[in-house]
Amino acid sequence: MVIEELQLHNWRNAGAVAVDFPPGLTLVTGQNAQGKTNLLEAVFFLATGRSHRTSHAEELVGFAHKAAHLRGVIRRDSGTFVLSAAIADGRVNRQRDGKAFRRGQDPLGDFSAILFAPEDLLVLKGAPAERRRILDLDLGQAAPSYRSLHANYAKVLRQRNALLRNYEHPAREMLAAWDMAWAKAAVALTQLRARLVKETAPHLGRRSAEISGGPPAALVYEPSLSGDTVPEALEQLAARQEDELRRRTSLVGPHRDDLRVEIDGRDLRLFGSQGEQRTALVAFKLAAVEVLSQRPGGAPVLLLDDVLSELDQGRRRNLLVAAMVAQTIVTTTEPQLAGMQPDRTIAVRGGEYERTW
Ligand code: ATP
Ligand code: MG
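Small disclaimer: the values here were computed from a predicted structure and weren't measured.

A.B. asks: Help me understand the layout of surface pockets in this model?
C.D. replies: Using a probe with the size of a water molecule, rolled over the atoms, empty space left in the structure can be pinpointed. There is about 870 Å³ of room inside the largest pocket. Arg-50, Arg-147, His-150, Ala-151 and Ala-154 are the residues nearest the centre of the largest pocket, which is lined by 27 residues in total. Residue assignment for the lining of the largest pocket shows that the elements contributing at least two residues are β6 (91-96), α2 (128-137), α3 (146-166) and α4 (172-212). Sort the elements by how many residues they give to the lining of the largest pocket and α3 lands first, with nine residues. The residue inventory of the lining of the largest pocket, partitioned by class, reads ten nonpolar, seven polar and ten charged.

Below, the structure is given as structure tokens:
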């Protein structure tokens, strides 16, 4: 799939601008704080309805404006369609060809993107929430039901936590009324995550071995739930109930999941060198591209935000080889260091995008 055209209106520091992309490689250059990341974020937002930098949609709207709009022309084998997103009052309204649209509702009209940003390089050793974020944002795009299962779990969890928080002694019957809904939502999300990680792991293993010339890295899902049935989830919940009442929050479930990458049985969260973490992250992003490539829409758009200068020759080459099968948009402050032959170059200055080549 390819994004051919993107229009931004009051998106972050962009006023009203339009950008065209070729199917191959686009290089976006500019000094710091001009709008390079904002452009990639906009493409990613069209694909996922989410930003990789914030969960507060109102931050995406230009200062002093009330609403932001994005409009992208997407081409797939099955045809061309227009995806748009409007953000106002912190709410997001997405449309495809003018009709309300939710990701996955009709996978034939989906658009997907994998974004790799410098912050991601810290994810492996960071907090579990960071690893859940890449699981949700990257692998979540590979399953039509992911978004709704995730949102449903988040809703049930919020309600359950409110109950635990607001009552000095929450009536156990009231809590129990939520347990079944919680268990169903928790099990569904856990099962889906397990399936997606299982599908991704072999690609990650192969890619990491290619890059490092060493043993393949293993990607392992660490679900908070130990079983994968509703009765097992309820049993686990019951075992933690006293703790939960004391600490007034939910202590088991997918909001506590984690991901682990291992090399030769070594957990990179604890023992990963910088190089190993970089390799694993590049391999993870490439693996996500491969998983999405097997979906009906074909290869996702690959968005590389300022990462090439952070990587050595070998890792950079691997990313760029993968980039040959996907439409790729790369940002950099130092075009001479990116070491590539783009099909187009766009120069960014103060939220204005100018095609220079
Ligand atoms: P760097 O090379 O440092 O990563 P960049 O070109 O990627 O820079 P962006 O992250 O795209 O920079 O941000 C460009 C500018 O947009 C920044 O100065 C930022 O403060 C500004 N900006 C961010 N959000 C908004 C907003 N909601 N309204 C207006 N401007 C914003
Ligand atoms: Mg940036």
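A.B. asks: Teacher, can you tell me more about the environment of Lys-125 here?
C.D. replies: Turning to its location among the elements, Lys-125 is positioned in the loop between β8 (113-116) and α2. Taking C-alpha positions, Lys-125 is 8.0 Å from Gly-272, a pair spaced 147 residues apart along the chain. For Lys-125, the residues in contact, after removing those within four places along its chain, are Arg-131, Leu-268, Arg-269, Leu-270, Gly-272 and Gln-277.

A.B. asks: Where do I start with the site of ligand 1 in this structure?
C.D. replies: Around ligand 1, 16 residues are found, and the nearest of them are Asn-32, Ala-33, Lys-36, Thr-37 and Val-61. Note that a nitrogen atom of ligand 1 is positioned 3.2 Å from one of the side-chain N or O atoms of Arg-12. At 2.9 Å from a nitrogen atom of ligand 1 is found a main-chain nitrogen or oxygen belonging to Glu-59. Relative to its free-state accessible area of 650 Å², ligand 1 is covered by the protein chains to the extent of 75%. Residue composition of the shell around ligand 1, by class: three nonpolar, nine polar and four charged.

A.B. asks: Can you help me understand the domain arrangement of the protein in this one?
C.D. replies: Reports often express the size of an interface as the amount of accessible area lost when the parts come together. Along its sequence, the protein is organised into domain 1 (1-112 + 295-357) and domain 2 (123-290). On a C-alpha basis, the centroid separation for the pair domain 1 and domain 2 is 27 Å. Each partner contributes residues to the interface: domain 1 has 23 residues there, and domain 2 has 18 residues. Around 1900 Å² of area is buried between domain 1 and domain 2 when both sides are counted, 56% of it from carbon and sulfur atoms. Considering only the surface of domain 1 that becomes buried against domain 2, Arg-50, Arg-295 and Arg-315 emerge as the three largest contributors, covering 32% of it. The tally of links between domain 1 and domain 2 comes to two salt bridges. Its salt-bridge partner being Arg-295, residue Glu-199 comes within 2.9 Å of it at the nearest N-O pair. At the level of secondary structure, the elements contributing two or more residues to the side of domain 1 that touches domain 2 comprise α1 (36-48) and α9 (313-323). No other element matches α9, which puts four residues into the side of domain 1 that touches domain 2. Among the residues making up the side of domain 1 that touches domain 2, the classes are represented as nine nonpolar, seven polar and seven charged.

A.B. asks: Got a minute to help me understand the sheet that holds strand β11 (residues 266-267) in this structure?
C.D. replies: Note on sheets: strands pair through backbone hydrogen bonds, and any given pair is parallel or antiparallel. The three strands are arranged β9-β10-β11 in an open sheet whose pairing can be described as antiparallel. One side of each edge strand has no neighbouring strand; the edge strands of this open sheet are β9 (217-222) and β11.

A.B. asks: Is there a simple way to think about empty space enclosed by the protein in this case?
C.D. replies: Within this structure, the stated rule accounts for two cavities of 30 Å³ or more. If you add up the space inside the largest cavity, you get close to 90 Å³. Around the largest cavity, the lining residues are Thr-48, Arg-50, Arg-103, Asp-136, Leu-137, Gly-140, Gln-141, Tyr-146, Arg-147 and His-150. For the lining of the largest cavity, the elements supplying multiple residues, two or more each, are α2 and α3. With three residues, α3 is the largest single contributor of residues to the lining of the largest cavity. Its boundaries defined by the atoms lining it, the second largest cavity holds a volume of some 60 Å³. Together, Leu-124, Arg-131, Ile-134, Leu-204, Leu-219, Leu-259, Val-261, Ala-280, Leu-281 and Phe-284 line the second largest cavity. Of all the elements in the fold, those that place two or more residues in the lining of the second largest cavity are α2, β10 (258-263) and α8 (274-293). Residue contributions to the lining of the second largest cavity peak at three residues, all from α8.

Cut-off values and rules
Residues numbered from 1 in each chain as written. Chains lettered and ligands numbered in written order. Predicted model: local features only at pLDDT ≥ 70, side-chain atom pairs only at ≥ 80, totals over all residues. Heavy atoms only, no water. 1 Å grid on protein atoms, 1.4 Å probe; cavity = no way out; pocket = protein on both sides within 12 Å on 5 of 7 lines; lining within 4 Å. Points joined across faces, edges and corners; volume = space filled by probe spheres on them. Helix = DSSP H or I, 4+ residues; strand = E, 2+ residues; numbered from the N terminus. Nonpolar A, V, L, I, M, F, W, Y, C, P; charged D, E, K, R; others polar. Contact = heavy atoms within 4.5 Å. Near = heavy atom within 4 Å. Polar contact = N/O pair within 3.5 Å; in protein donor to acceptor, adjacent residues only side chain to side chain. Areas by Shrake-Rupley, 256 points an atom, 1.4 Å probe, with all protein chains shown as cover. Domains from an automatic or database assignment. Buried area = accessible area lost by both parts, 1.4 Å probe. Salt bridge = Lys/Arg side-chain N within 4 Å of Asp/Glu carboxyl O. Pairing = 2+ DSSP bridges.

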